Amino acid sequence: MTNLVQFPGLGLEFNINRVAFTIGGLDVYWYGVLIATGFLLALVFAFHYAVDFGIDADRLVDVVLVGSVCAVICARAYYVIFSPVPYESFADMIDIRQGGLAIYGGVIGAAVFGGLACKWRKLSIPATFDLVAMGFLIGQSIGRWGNFVNQEAFGTNTSLPWGMYSQATANYLSSWQATLAQEGVIVDPGMPVHPTFLYESIWCAVGFFALWAYMKKRRFNGEIALMYAAWYGAGRFWIEGLRTDSLLLPGVNLRVSQLVALVSVVAAVVAIVVIRRKIGKRELMVDLPLSTTAEKKFQTARENWADKLDALGQSVSLEEMQRQLPASASHKEFAQAQKEQQSFDWDSLIRQKLEQAEMDAGMQESVRQENARFAQLPVDPEERAATNSSLTQGLDEK
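Everything numeric here is computed off the predicted structure, so don't read it as measured data.

**Topic: the packing of helix α5 (residues 125-143) against helix α9 (residues 223-240)**
Line of reasoning, step 1. It is at 6 Å that the axes of α5 and α9 come closest, and there the two elements cross at 35 degrees. Viewed along their axes, α5 and α9 form a crossing whose handedness is left-handed. Across the interface between the two elements, F129, D130, A133, M134, F136, L137 and Q140 from α5 touch E223, I224, A225, Y228 and Y232 from α9.
Line of reasoning, step 2. Here the residues of the contact of α5 with α9 sort into nine nonpolar, one polar and two charged.

**Concerning the packing of aromatic side chains**
Line of reasoning, step 1. Enumeration according to the criterion identifies 18 aromatic pairs in this entry.
Line of reasoning, step 2. Both rings, one in Y49 and one in W212, keep their centres 6.4 Å apart while their planes meet at 75 degrees; by these two values the pair is edge-to-face. Taken together, the positions of Y49 in helix α1 (residues 30-49) and W212 in helix α8 (residues 196-214) put the pair 163 residues apart, joining distant regions of the chain.
Line of reasoning, step 3. Overall, the relative accessible area of 12% leaves Y49 in the buried class.
Line of reasoning, step 4. Three or more aromatic residues joined by ring pairs form one cluster here, namely F7, F14, W145, F148 and F197.
Line of reasoning, step 5. Between the NZ or CZ atom of R121 and the centre of the ring of W120, over which it lies, the distance is 5.6 Å.

**Concerning the side chain of Q140**
Line of reasoning, step 1. Position of Q140 relative to the elements: it lies in helix α5.
Line of reasoning, step 2. A residue is classified by how much of its surface remains accessible, and Q140, at 7% relative accessible area, is buried.
Line of reasoning, step 3. Here the side chain of Q140 touches Y228 through a polar contact of 2.8 Å, side chain to side chain.
Line of reasoning, step 4. Beyond its immediate stretch of four places on either side in the chain, Q140 contacts I103, E200, C204, Y228 and Y232.

**Some thoughts on the environment of L254**
Line of reasoning, step 1. Within the element layout of this structure, L254 appears in strand β6 (residues 254-255).
Line of reasoning, step 2. With residues up to four places along the chain from it excluded, the contact list for L254 reads L247, L248, L249 and L259.

**Side note on α1**
Line of reasoning, step 1. Taking 1.5 Å as the rise per residue, α1 with 20 residues should run 28 Å; its terminal C-alpha atoms sit 29 Å apart, in good agreement.
Line of reasoning, step 2. Those residues of α1 not exposed but buried are Y31, L34, G38, A42, L43, F45, A46 and Y49.
Line of reasoning, step 3. Looking at the buried positions of α1, the neighbouring elements they touch are β4 (26-29), α2 (57-82), α5, α6 (145-150), α8 and α13 (331-342).

**Concerning the pattern of salt bridges**
Line of reasoning, step 1. As enumerated under the stated definition, the model contains ten salt bridges in all.
Line of reasoning, step 2. R59 serves as the salt-bridge partner of D56, at 3.2 Å between the closest nitrogen and oxygen. As far as burial versus exposure is concerned, D56 and R59 are alike and both buried.
Line of reasoning, step 3. We note a salt bridge from E240 to R236, for which the minimum N-O separation is 2.7 Å. Placement of the pair is E240 and R236 together in helix α9, with a separation of four residues, close to one helical turn.
Line of reasoning, step 4. Assessed through its relative accessible area of 1%, E240 is described here as buried.
Line of reasoning, step 5. Via salt bridges that share partners, R144, E200, R236, E240, R243 and D245 belong to a single interconnected network.

**A few points about α2**
Line of reasoning, step 1. Between the first and last C-alpha of α2 there are 36 Å, a value that for 26 residues agrees with the 38 Å anticipated at 1.5 Å per step.
Line of reasoning, step 2. Listed as buried for α2 are R59, L60, V63, V64, G67, C70, A71, A75, R76, Y78 and V80.

**Section: the packing of helix α4 (residues 103-121) against α5**
Line of reasoning, step 1. It is the contact of α4 with α5, at a shortest axis distance of 11 Å, that shows an interaxial angle of 150 degrees. One way to sum up the angle between α4 and α5 is to call them roughly antiparallel. The handedness of the crossing between α4 and α5 comes out as right-handed. Residues I103, V107, A110, A111, G115, C118 and K119 of α4 touch α5, and the partners they reach there are I125, T128, F129, F136 and Q140.

**Side note on unusual backbone geometry**
Generally, phi is negative for residues other than glycine and the peptide bonds are trans, each holding for most cases.
Line of reasoning, step 1. Positive phi, close to 60 degrees, is recorded for K122, a residue that is not glycine.
Line of reasoning, step 2. The residue K122 is located in the loop between α4 and α5 in this model.
Line of reasoning, step 3. On the basis of relative accessible area, K122 is assigned to the exposed category, the value being 74%.
Line of reasoning, step 4. Of note in the backbone geometry, A153 takes a positive phi value of approximately 55 degrees without being a glycine.

Rules and cut-offs
Within any chain, residue numbers begin from 1 and follow the written order of that chain's sequence. Restriction of local features to residues with pLDDT of at least 70 applies here, the model being predicted, together with a cutoff of 80 or more for giving and counting side-chain atom pairs; totals for whole chains, interfaces and linings are based on all residues. Each side-chain value is derived from all of the structure's non-hydrogen atoms; neither hydrogens nor water enter the calculation. Axis lines are fitted through C-alpha atoms, for helices just across the contact stretch, and the angle between N-to-C directions can take any value from 0 to 180 degrees. A run of H or I in DSSP counts as a helix once it spans at least four residues, and a run of E counts as a strand once it spans at least two, with each numbered from the N terminus. Less than a right angle of anticlockwise turn of the near helix away from the far helix marks a crossing as left-handed, whereas a clockwise turn marks it as right-handed. Whether two residues touch is decided by their heavy atoms; if any such pair falls within 4.5 Å, the residues are in contact. Three residue categories are used. Nonpolar comprises Ala, Val, Leu, Ile, Met, Phe, Trp, Tyr, Cys and Pro, charged comprises Asp, Glu, Lys and Arg, and polar comprises the others, including Gly. Only Phe, Tyr and Trp rings take part, Trp by its six-membered ring, and two of them pair if their centres are within 6.5 Å. Stacked means planes under 30 degrees apart, edge-to-face means over 60, and tilted covers everything else. Burial here depends on accessible area, computed with a 1.4 Å probe over protein chains only, as a share of the maximum for the residue type. Under 20% is buried, over 50% is exposed, and the range in between is partly exposed. Criterion for a charge above a ring: Lys NZ or Arg CZ within 6 Å of the ring centre, and within 35 degrees of the ring normal. Polar contacts here mean pairs of N or O atoms no more than 3.5 Å apart (in protein, one a potential hydrogen donor and the other a potential acceptor; neighbouring residues in sequence count only if both atoms are side-chain atoms). Expected span, for any helix, means 1.5 Å times one less than how many residues it has. The working definition used for a salt bridge is a side-chain nitrogen of Lys or Arg within 4 Å of a carboxyl oxygen of Asp or Glu. Each angle is binned into one of four classes, with values under 35 degrees roughly parallel, values over 145 roughly antiparallel, values of 65 to 115 roughly perpendicular, and all other values oblique.

Below is the structure:
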């Protein structure tokens, strides 16, 4: 369970136990702890900035739950499908404590099932994907260190100062040396290897901070998600070419993740260019999310005044409290606007509507009575018409 990991060029070495702690005889691995940590930090970010993307945090909870569970299932399924190592039982297939989660499988699962959850919870799919994409980068940057603990997801030999060596890497390369040679990859088990987990961790961290800096400048909903696809795809295409444990398409000896990464980059770049040309210089406006709390207050107020509203033919709608802010507005501005929206005084608005309706009804009745009175007087027809016109005009002005 322990790996002695060395970086000879840097004069560093670490003795790493893969087990973080044990509960009731069950070992909890660092791999799972690190993935969970990345996931939790991604959640903190997403719920903090949800309002900036026009997303109600209460509804987002359901989307995250559905997307996360399906992402893990799909990440494991993706890995099992393309893994060159046969599994002896179903229990082995679902055991992720030893590693074996393919990120692209997780991304695909989260996109498909998370998108369906967005439709169910009535959230904007492009805006939600923008927010989640940034969370992905947080989770991936931290989660990749689980590969370091497990001594997996490393690359070919390197003479660079940060080359990594451990008995685990040597054993793996020894067992796969002949197979790698058939693929044209020559390795020396006794030499340091590329710490590709580190490359991807740094690449994702840089991508996160870059997108965070750009977040307020986004031009359309879905742009951040497309940038994520392009950024991560570009880095993964390069990094995957260094790895010695790539999943391959059966029969064609083609690295699956490189193919998916290349398609992602091309599709994302084309989509960004096309959509930007279509929208021109129009600024992105964000609808403040109507929270479940605000909706409940609205429903309560409408029920309390239902009889009077119906009697006077009046109605109220949630759209009357809808507000927009430019995407470039600060988080503080979004938070303040949401707070004001949630404390919206529906009772006061309804009273104003009813008072105005009563005034209008009273004025109309006065005009009707005046018209009836003048109709009974022996007044010249032309003079009567002028008087009626004057009364009607006065009502319109009020």
